Amino acid sequence: MPTMPGMPGLGWIIGVIIALIAMLVIGFLLGALYRKRVAEREISSAEEEAKRIINESIKSAESKKREALLEAKEEIHKNRTEFEQEEKQRRAELQRQENRLCQKEETLDKKTNTLDKKTETMNHRLAEAEATQAEAARIKQEQMEMLQKISGYTVEEAKEYLIASVEKEVTHETAVKIREIEAQAKEDSERTAREIVALAIQRCAVDHTSEITVSVVPLPNDEMKGRIIGREGRNIRSIENLTGCDLIIDDTPETITVSCFDPVRREVARLALEKLIADGRIHPARIEEMIAKAQKEVNATIKAEGERAVFETGVQGLHPDLVKLLGRQKFRTSYGQNVLKHSIEVSHIAGLMAAELGANIAVAKRAGLLHDIGKSIDHEVEGSHVTIGVDIARKYKESNEIIHAIHAHHGDVEPKTLVACLVQAADAISAARPGARRENIESYVKRLEKLEEVSKSFPGIESAYAIQAGREIRIMVKPEQVSEDQMTLLARDIAKKIESELTYPGQIKVHLLRETKTIEYAK
């Protein structure tokens with residue numbers, strides 16, 4: 001290629017490039033040499049710095065070591081000083097305790113010596129006392145012998161005489177005191193009780209007619225007896241098997257007697273017979289149908305009567321089964337008195353007396369209504385109606401106060417609450433009022449005979465007569481055996497025995513009579 005005029009030549013350019021490259025190589029080498037020297041200087045400086053740091057560390061460690069040794073020596077010295085002080089204190093305390101023990105030993109020795117001296121003195125006095133006692137016994141014996149010679153009584157005879165004298169005097173004072181206390185108590189209690197009872201009876205209006213469960217079914221004619229008996233007795237057997245009652249068909253004109261211990265079953269049988277007689281179709285199938293209808297009617301009546309009793313007395317919260325048991329009392333009688341009416345009456349009387357005395361009226365009325373609940377099933381369950389009633393009340397979660405009132409209303413247990421006493425009194429009032437109950441002649445005579453027998457069981461009784469329908473017993477005593485003072489105690493004992501052995505409504509008056517006779521003959 002031809003060279004342009006005015007421009008350097010190619011060789012010059014190459015030379016410049018080579019020169020630049022040479023300069024770059026020389027600069028690089030010089031830079032590398034410089035960096036090597038700088039690095040060597042830095043390494044040398046770092047080594048010196050490291051040596052310096054190591055030397056400083058060695059010096060600092062030695063300094064801290066010396067300081068730690070000094071601190072340890074100081075701590076050891078301090079601990080040694082404290083230990084020495086504590087040891088001195090303990091030694092001082094031990095020395096003080098040892099001194100106190102020595103003082104106590106000295107004191108104990110002194111007390112022991114004093115006690116020995118007192119014991120010796122006591123033994124000496126005891127010996128003197130024994131000698132004095134022996135001398136006193138000897139003198140007493142001499143005096144007793146002298147008294148026996150003077151009085152003419154032995155020791156035992158003198159004791160018996162003194163005891164008899166004291167007993168006679170105490171009996172007289174006791175009888176007088178008892179009469180005074182009883183007179184005052186009767187005067188106060190009878191007045192208050194008469195007011196409360198009279199008010200309760202006046203406010204509790206009830207029927208005075210006795211009621212007895214109907215057990216006789218009238219017949220339109222005597223031919224109906226044969227139809228009720230049926231062919232070969234199939235109808236009467238069917239009625240007896242389905243009702244559990246016995247039908248007594250005798251020569252009594254136009255009547256059939258239904259006999260059963262269960263009053264509800266007897267009522268079912270009575271209703272069924274009346275329905276069969278009215279219907280006229282009497283055969284086993286019809287008998288079964290009528291008995292089923294009668295059973296439903298009696299159950300409805302029981303429920304209605306129980307609800308009526310609860311509503312009439314205002315008792316709330318009774319279990320439905322208890323209401324049904326109350327309704328069953330509609331068909332139960334006691335001495336001719338309807339048990340349901342009696343329970344309602346007792347509830348009213350107990351509530352009225354509770355209001356007068358400030359007691360819980362609701363509890364008193366509830367206890368009065370339930371007090372004879374055991375009579376609802378006493379023909380089905382063994383035991384007295386009191387025990388059965390307690391079990392029923394517990395079964396249906398009645399309160400302990402209600403259960404106790406039921407348990408105590410006939411004196412089976414001692415009444416411990418005011419409500420129990422009110423129910424007991426209300427029960428006696430309802431049973432003892434005129435016209436409430438009636439007895440058959442046999443049980444009446446037996447009760448009077450038992451009353452006279454109990455009264456005659458005491459020594460010194462000549463005769464006893466039950467009067468006023470058993471409300472009073474008049475007793476004649478033997479005047480030579482029973483003194484005036486003993487009559488008060490004897491009357492109390494007879495009354496207690498009558499209470500414990502007899503069952504009777506109301507109360508019985510025990511009246512003792514003692515005749516004083518003086519006999520003289522004119523010659």
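Above this text is the structure in question.
Rules used throughout
- Per chain, the residues get numbers from 1 upward, laid out in the order the sequence is written.
- Per-residue local features of the predicted model are confined to residues with pLDDT of at least 70, and side-chain atom pairs are confined, for both listing and counting, to 80 or more; whole-chain, interface and lining totals are unaffected and use all residues.
- Water and hydrogen atoms play no part in the side-chain values, which are based on all heavy atoms of the structure.
- Helix axes are fitted only over the stretch in contact, all axes being lines through C-alpha atoms; the angle between N-to-C directions runs from 0 to 180 degrees.
- A run of H or I in DSSP becomes a helix once it reaches four residues, and a run of E becomes a strand once it reaches two; helices and strands are each numbered from the N terminus.
- Roughly parallel means an angle under 35 degrees; roughly antiparallel, over 145; roughly perpendicular, 65 to 115; everything else is oblique.
- Crossings are sorted by hand: turned counterclockwise from the far helix by less than a right angle, the near helix makes the crossing left-handed, and turned clockwise it makes it right-handed.
- Any two residues whose heavy atoms approach within 4.5 Å at even a single point are treated as in contact.
- As a working rule, the residues Ala, Val, Leu, Ile, Met, Phe, Trp, Tyr, Cys and Pro are called nonpolar, Asp, Glu, Lys and Arg charged, and the rest polar, with Gly in that last group.
- The rule for pairing is simple: two strands pair if DSSP sees at least two bridges between them.
- Relative accessible area decides the class of each residue, using a 1.4 Å probe on protein chains only: under 20% of the type maximum gives buried, over 50% gives exposed, and in between gives partly exposed.
- A pocket here means an open set of points on a 1 Å grid, computed over the protein atoms alone, that has protein on both sides within 12 Å along at least five of seven lines. A cavity is instead a set of points where a 1.4 Å probe fits but cannot get out; residues with an atom within 4 Å of a point line either one.
- Grid points are joined across faces, edges and corners, and a volume is the space filled by probe spheres set on the points.
- Within this document, salt bridges are pairs made up of a side-chain nitrogen of Lys or Arg and a carboxyl oxygen of Asp or Glu, the two lying within 4 Å of each other.
- What is meant by a nonpolar core is a set of buried Ala, Val, Leu, Ile, Met, Phe, Trp, Tyr and Cys residues, joined one to another through side-chain atoms within 4.5 Å.
- How far a helix is expected to stretch is found by multiplying one less than its residue total by 1.5 Å.
- Each patch groups residues whose relative accessible area exceeds 30% and which form no salt bridge, using 9 Å between like charges and 5 Å between nonpolar side chains of Val, Leu, Ile, Met, Phe, Trp and Tyr.
- Residue-level accessible areas treat just the shown protein chains as cover; the underlying method is Shrake-Rupley with a 1.4 Å probe.
- For the purpose of charge, His is not counted, nor are the chain termini; Lys and Arg are scored as positive and Asp and Glu as negative.
- Lys charges are placed at NZ, Arg charges at CZ, Asp charges at CG and Glu charges at CD.
- A pair of Phe, Tyr and Trp rings is counted when the ring centres sit within 6.5 Å of each other, with Trp represented by its six-membered ring. The angle between the planes then sorts it: under 30 degrees is stacked, over 60 is edge-to-face, the rest tilted.
- Placement of a positive charge over a ring is assigned whenever Lys NZ or Arg CZ falls within 6 Å of the ring centre and within 35 degrees of the normal to the ring plane.

## Points about the packing of helix H9 (residues 361-370) against helix H11 (residues 400-408)
Then comes step 1: Interhelical geometry of H9 versus H11 gives an angle of 45° and a closest axis separation of 9 Å. With respect to each other, H9 and H11 are oriented oblique. Our pair here, H9 against H11, has a crossing hand that is right-handed. Here Val363, Arg366, Ala367 and Leu370 of H9 come into contact with H11, specifically with Glu401, Ile402, Ala405 and Ile406.
Then comes step 2: Classifying every residue of the contact of H9 with H11 gives 6 nonpolar, no polar and 2 charged.

## Observations regarding the sheet that holds strand S3 (residues 255-259)
Then comes step 1: As summarised here, the arrangement of the 3 strands in space is S1-S3-S2, forming an open sheet in which the pairing is antiparallel. Edge positions in the sheet fall to strand S1 (216-218) and strand S2 (246-248), since each of these pairs with one other strand and no more. Geometrically, the sheet is characterised by an average inter-axis angle of 30° between neighbouring strands, direction not taken into account.
Then comes step 2: Alignment of S1 against S3, held across 3 bridges, turns out to be antiparallel. Counted as the bridge partner of Val217 is Ile256 from S3.
Then comes step 3: Along the sheet, helix H5 (residues 263-279) contacts S1, S2 and S3; its crossing angle with S1, the most-contacted strand, is approximately 10°.

## Let's talk about the side chain of Ser463
Then comes step 1: Examined against the element boundaries, Ser463 turns out to sit in strand S6 (residues 461-467).
Then comes step 2: Take Ser463: its relative accessible area is 14%, and that puts it in the buried class.
Then comes step 3: Once residues within four sequence positions are removed from consideration, Ser463 is found in contact with Lys456, Arg474, Ile475 and Met476.

## Let's talk about the sheet that holds strand S8 (residues 509-514)
Then comes step 1: Reading across from one edge, S6-S7-S8 is the order of the 3 strands in this open sheet, with mixed pairing throughout. Two strands close off the open sheet at either side, each with one partner strand: S6 and S8. Put simply, the sheet's adjacent strands are angled 20° from each other on average, direction ignored.
Then comes step 2: Pairing between strand S7 (residues 472-477) and S8: 6 bridges, direction parallel. Note that in S8 the partner of Ile473 across the bridge is Val510.
Then comes step 3: Packing against the sheet, helix H14 (residues 484-501) makes contact with S6, S7 and S8, and its axis sits at approximately 150° to S8.

## Details of empty space enclosed by the protein
Then comes step 1: Tallying each qualifying case throughout the model produces 1 cavity of 30 Å³ or more.
Then comes step 2: Reported here for the largest cavity is a volume of approximately 40 Å³.
Then comes step 3: Forming the walls of the largest cavity are Arg447, Leu448, Leu451, Gly470, Leu502, Tyr504 and Ile508.
Then comes step 4: Of the residues that constitute the lining of the largest cavity, the class distribution is 5 nonpolar, 1 polar and 1 charged.

## Topic: the pattern of salt bridges
Then comes step 1: The tally for this structure, following the rule as stated, stands at 20 salt bridges.
Then comes step 2: Linking Arg52 and Glu56 is a salt bridge whose minimum nitrogen-to-oxygen distance equals 2.6 Å. Taken together, the residues Arg52 and Glu56, both in helix H1 (residues 10-151) and 4 residues apart, mark about one turn of the helix.
Then comes step 3: By relative accessible area, which is 44% here, Glu56 ends up partly exposed.
Then comes step 4: Across the salt bridge formed by Lys275 and Glu297, the nearest N and O atoms sit 2.7 Å from each other. Taken together, the residues Lys275 in helix H5 and Glu297 in helix H6 (residues 284-313) connect sequence positions 22 residues apart.

## Here's the deal with the nonpolar core
Then comes step 1: Of all hydrophobic cores here, the largest spans 29 residues; its most connected members are Leu318, Leu322, Leu326, Leu369, Leu370, Ile373 and Ile392.
Then comes step 2: Only H6, helix H7 (320-328), helix H8 (339-357), H9, helix H10 (385-395), H11 and helix H12 (418-432) provide two or more residues apiece to this core.
Then comes step 3: Broken down by element, the residue count for this core peaks at 5 residues, all from H11.
Then comes step 4: Once you skip the residues sitting within four places of it in the chain, Ile392 turns out to touch Leu322, Leu325, Ile373, Gly374 and Ile377.

## Some points on the pairing of S7
Then comes step 1: Of the pairings in the sheet, the one linking S6 to S7 comprises 6 bridges and is antiparallel in character. Bridge assignment links Ala464 to a residue of S7, and that residue is Ile475.
Then comes step 2: Between S6 and S7, which pair antiparallel in sequence order, lie 4 residues; one of them, Gln468, sits at a positive phi of approximately 55°.

## A look at H6
Then comes step 1: Between its terminal C-alpha atoms H6 stretches 43 Å, which fits the 44 Å expected from 30 residues at 1.5 Å a residue.
Then comes step 2: The set of residues buried in H6 consists of Arg286, Ile287, Met290, Ile291, Ala294, Val298, Ile302, Glu305, Gly306, Ala309, Val310 and Thr313.
Then comes step 3: Check the buried side of H6 and you find it contacts helix H4 (234-243), H5, H7, H8 and H9.

## Here we look at a negative patch on the surface
Then comes step 1: A surface patch of negative charge is lined by Glu67, Glu71, Glu74, Glu75 and Glu82.
Then comes step 2: Structurally, Glu82 can be placed in helix H1.

## Side note on the packing of aromatic side chains
Then comes step 1: Evaluation of the coordinates by the stated rule reveals 0 aromatic pairs.
Then comes step 2: Over the ring of Phe458 we find Lys497; its NZ or CZ atom is 5.3 Å from the centre of that ring.

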